[in-house]
Amino acid sequence: AQSVTQLDSQVPVFEEAPVELRCNYSSSVSVYLFWYVQYPNQGLQLLLKYLSGSTLVKGINGFEAEFNKSQTSFHLRKPSVHISDTAEYFCAVSVPSGGGYQKVTFGTGTKLQVIP
Amino acid sequence: DTAVSQTPKYLVTQMGNDKSIKCEQNLGHDTMYWYKQDSKKFLKIMFSYNNKELIINETVPNRFSPKSPDKAHLNLHINSLELGDSAVYFCASSHRHGTGDLASSGNTIYFGEGSWLTVV
């Protein structure tokens, strides 16, 4: 079975500073990887995803993530954060299973707090 | 146009009541889900349906009964509500793996805005 670990429950960072949100996963098979963002009182929205190919993935709002197979990591980065980036960020791993279905497991989330 | 819509957004009810949350998606997806997010923001899948057929049932009490009248709808009915049922419930949908345009959808799960259930 696969699992996802988000090592930091909260990350405070000053506005315009860079940020990295960490995500590690475990799986015995190949996976797809995702980062979702949840703004207060809203649903989850896809930031970016890794399916195959280039290990550096660019997403919306200036975020990017790098898939590192040897370290089983998929850390999310942004070179300069804005107040509007304050939100909860979820890493997720998807494992294709029998019958063409997928099983998606979410991490416990990291709350990014941007300080003015 | 809202891709995944669920109603009601807020629901306050007493213990022991029965309530339903409705969900509809207009994305043409075959697969729909219900997730529960607790007060610590932990997100856990409850059910998954593909084309009206139940494919995932994650040890959810049988007081929770999903119903899928067609592949665009997945409603959640909860009997005899308990205090511990208070949470945010998210409906979601996706293409079935291996279908659709993988380059664009890539099994992306599209979430509704959530339904905040408070049991008092």
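Summarised in this report is the structure supplied together with it. (Residues numbered from 1 in each chain as written. Chains lettered and ligands numbered in written order. Predicted model: local features only at pLDDT ≥ 70, side-chain atom pairs only at ≥ 80, totals over all residues. Heavy atoms only, no water.)

Topic: the overall build of chain B
Along the backbone of chain B there are zero helices and 11 strands. Walking chain B from its N terminus toward its C terminus, one meets helices and strands in the order β-β-β-β-β-β-β-β-β-β-β. Per-residue burial for chain B yields a buried fraction of 47% across its 120 residues. Summed over all atoms, the accessible surface of chain B reaches about 5,800 Å², with 49% contributed by carbon and sulfur. (Helix = DSSP H or I, 4+ residues; strand = E, 2+ residues; numbered from the N terminus. Buried < 20%, exposed > 50% of the residue type's maximum accessible area, 1.4 Å probe, protein only. Areas by Shrake-Rupley, 256 points an atom, 1.4 Å probe, with all protein chains shown as cover.)

Focus: the pattern of salt bridges
By the definition in use, this model includes eight salt bridges over all chains. Among the salt bridges present, the one from Lys-58 of chain A reaches Glu-64 of chain A, with a minimum N-O distance of 2.8 Å. Relative accessible area serves as the criterion here: at 21%, Glu-64 of chain A is assigned to the partly exposed category. Asp-85 of chain B is the partner of Arg-63 of chain B in a salt bridge, and the nearest nitrogen-oxygen pair spans 2.8 Å. Remark: Asp-85 of chain B occurs in the loop between strand S8 (73–78) and strand S9 (87–94) and Arg-63 of chain B occurs in the loop between strand S6 (53–57) and strand S7 (64–70); sequence separation between them is 22 residues. The exposure classification of Arg-63 of chain B matches that of Asp-85 of chain B, with both residues buried. One salt-bridge network, in which partners are shared between bridges, spans Glu-20, Glu-66 and Arg-77 of chain A. (Salt bridge = Lys/Arg side-chain N within 4 Å of Asp/Glu carboxyl O.)

A word on the pairing of strand S12 (residues 110–115) of chain A
Residue and element names in this part refer to chain A. Going residue by residue along S12, you find Thr-110, Leu-112 and Val-114 tucked away on one face and Lys-111, Gln-113 and Ile-115 left uncovered on the opposite face. Where strand S2 (residues 10–14) and S12 come together, five bridges link them in parallel fashion. The residue bridging Gln-10 from the neighbouring strand is Lys-111, located in S12. With three bridges joining them, strand S10 (residues 87–96) and S12 adopt antiparallel strand pairing. (Pairing = 2+ DSSP bridges.)

Note that every value here comes from positions in space, so none of it alone points to a role or purpose.
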